[in-house]
Amino acid sequence: MNFGDILNKAWKTVWNNKILWIYGFFASLMAYNSSRGNNFTWRENISMGPGNMPHFLQNFGWRMNNFIEQVGTGTWVALGIGMAFLAVIFFLVSVFFGHLGRAALIRGTVLSEEGTRLTFGGLFKEGLRYFWHLLALSLLLLAGIIAAALVVVLFSVFTLGIGAILFACLALPIIIAVSLMVVQTTIF
């Protein structure tokens, strides 16, 4: 297998069909970021004592506290519900466009190899055609992950933690195998 030829052919496909870039961006919406950041909390810095904090931060803290007390609890609850609603809407939209983009990207590559001229609307229709297939595959994978996590937790509890060590050693090969299987099953 000549990897140079494969990469060269892939580059020509992507370069000649720049519409695939848009659907590649859509597909990237499925790449959920799980990083937690630096775990910085204000409570840790307040423990230094108010005398050790810079004056502008003390003044800012007092003003924020007054603002929060003046606004009232009902407003904060409504704001929290609104933010949760927006988060759910954003999640659903990103799942839709992520799966649509992934399906359109795969079909666009196949159609490009066949010599078909790619258009945005045509790829959108192709993406919609395979959207439910990819969503079902993702939900099936999610159900499998939840079931596997439950098995690991129950086995670890019954073996008093020894099972957790066993599964920690097996986790990487299993994850690699499942990831490869998922990538191979999404080619239509």
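These figures come from a predicted structure and were not determined experimentally.

J.: Got a minute to help me understand the environment of Ser156 in this structure?
T.: Structurally, Ser156 can be placed in helix 6 (residues 120-158). Taking C-alpha positions, Ser156 is 8.8 Å from Phe167, a pair spaced 11 residues apart along the chain. Those residues within four positions of Ser156 in sequence are excluded, and the remaining contacts are Gly161, Gly163 and Ala164. Of the polar contacts made by the side chain of Ser156, one reaches the backbone nitrogen of Ala164; its length is 3.2 Å.

J.: How should the nonpolar core be read in this particular structure?
T.: Within the largest apolar cluster, seven residues are counted, these being Leu20, Tyr23, Phe26, Ala104, Leu111, Leu118 and Leu123. The set of elements that each furnish at least two residues to this core consists of helix 2 (19-28) and helix 5 (73-113). In terms of residue count, the dominant contributor to this core is helix 2 (three residues). Excluding residues that lie within four positions of it along the chain, Ala104 makes contacts with Leu20, Tyr23, Leu123 and Gly127.

J.: I'm lost on helix 2 in this one. Help?
T.: What sets the pattern is the α-helix's 3.6 residues per turn: residues three or four places apart point alike. Residues of helix 2 that are buried: Leu20, Tyr23, Phe26 and Ala27. In a view along the axis of helix 2, the buried residues occupy a sector of 110 degrees, so they form one face of it. Summarising the contacts, the buried residues of helix 2 are in contact with helix 1 (3-16), helix 5 and helix 6.

J.: Looking at this structure, I do not really get the packing of aromatic side chains. What am I missing?
T.: The relation between two aromatic rings is expressed through the spacing of the ring centres and the mutual angle of the planes. On inspection of all chains with the given rule, the structure shows eight aromatic pairs. On the numbers, 5.5 Å between centres and 25 degrees between planes, the contact of Trp11 with Trp15 is stacked. Here Trp11 and its partner Trp15 are both found in helix 1, four residues apart, which amounts to about one turn of the helix. What links up through ring pairs into an aromatic cluster is the set Phe96, Phe97, Phe131 and Trp132.

J.: What am I meant to see in the packing of helix 2 against helix 6 here?
T.: In a pair of packed helices, the angle between the axes and the distance between the axes together describe the arrangement. Here helix 2 crosses helix 6 at 40 degrees, and the two axes come no closer than 10 Å. Between helix 2 and helix 6, the angle falls in the class oblique. In the crossing of helix 2 with helix 6, the sense of the turn from one axis to the other is right-handed. Residues Ile19, Leu20, Ile22, Tyr23 and Phe26 of helix 2 lie in contact with helix 6, whose contacting residues are Phe120, Leu123 and Phe124. In the contact of helix 2 with helix 6, the residues fall into eight nonpolar, no polar and no charged.

J.: What should I look at first to understand the pattern of salt bridges in this one?
T.: Pairing of side chains with opposite charge becomes possible as their charged atoms draw close. Under the definition given, this model contains three salt bridges. As a salt-bridge pair, Arg107 and Glu126 come within 3.0 Å of each other at their nearest N and O atoms. You can see Arg107 sitting in helix 5 and its partner Glu126 sitting in helix 6, a full 19 residues away along the chain. For the pair formed by Arg107 and Glu126, the shared burial category is buried. A salt bridge links Glu126 to Arg129; the shortest N-O distance between them is 3.4 Å. One end of the pair, Glu126, and the other, Arg129, are both in helix 6, three residues apart, so they sit about a helical turn from each other. Residue classification places Glu126 among the buried residues on the basis of a relative accessible area of 16%.

Conventions used here
- Residues numbered from 1 in each chain as written.
- Predicted model: local features only at pLDDT ≥ 70, side-chain atom pairs only at ≥ 80, totals over all residues.
- Heavy atoms only, no water.
- Helix = DSSP H or I, 4+ residues; strand = E, 2+ residues; numbered from the N terminus.
- Contact = heavy atoms within 4.5 Å.
- Polar contact = N/O pair within 3.5 Å; in protein donor to acceptor, adjacent residues only side chain to side chain.
- Core = buried A, V, L, I, M, F, W, Y, C linked by side-chain atoms within 4.5 Å.
- Buried < 20%, exposed > 50% of the residue type's maximum accessible area, 1.4 Å probe, protein only.
- Arc of directions from axis to C-beta.
- Phe/Tyr/Trp six-rings, centres within 6.5 Å; stacked < 30°, edge-to-face > 60°.
- Axes fitted to C-alpha atoms, helices over the stretch in contact; angles between N-to-C directions.
- Parallel < 35°, antiparallel > 145°, perpendicular 65-115°, else oblique.
- Left-handed = near helix turned anticlockwise from the far one by under 90°.
- Nonpolar A, V, L, I, M, F, W, Y, C, P; charged D, E, K, R; others polar.
- Salt bridge = Lys/Arg side-chain N within 4 Å of Asp/Glu carboxyl O.

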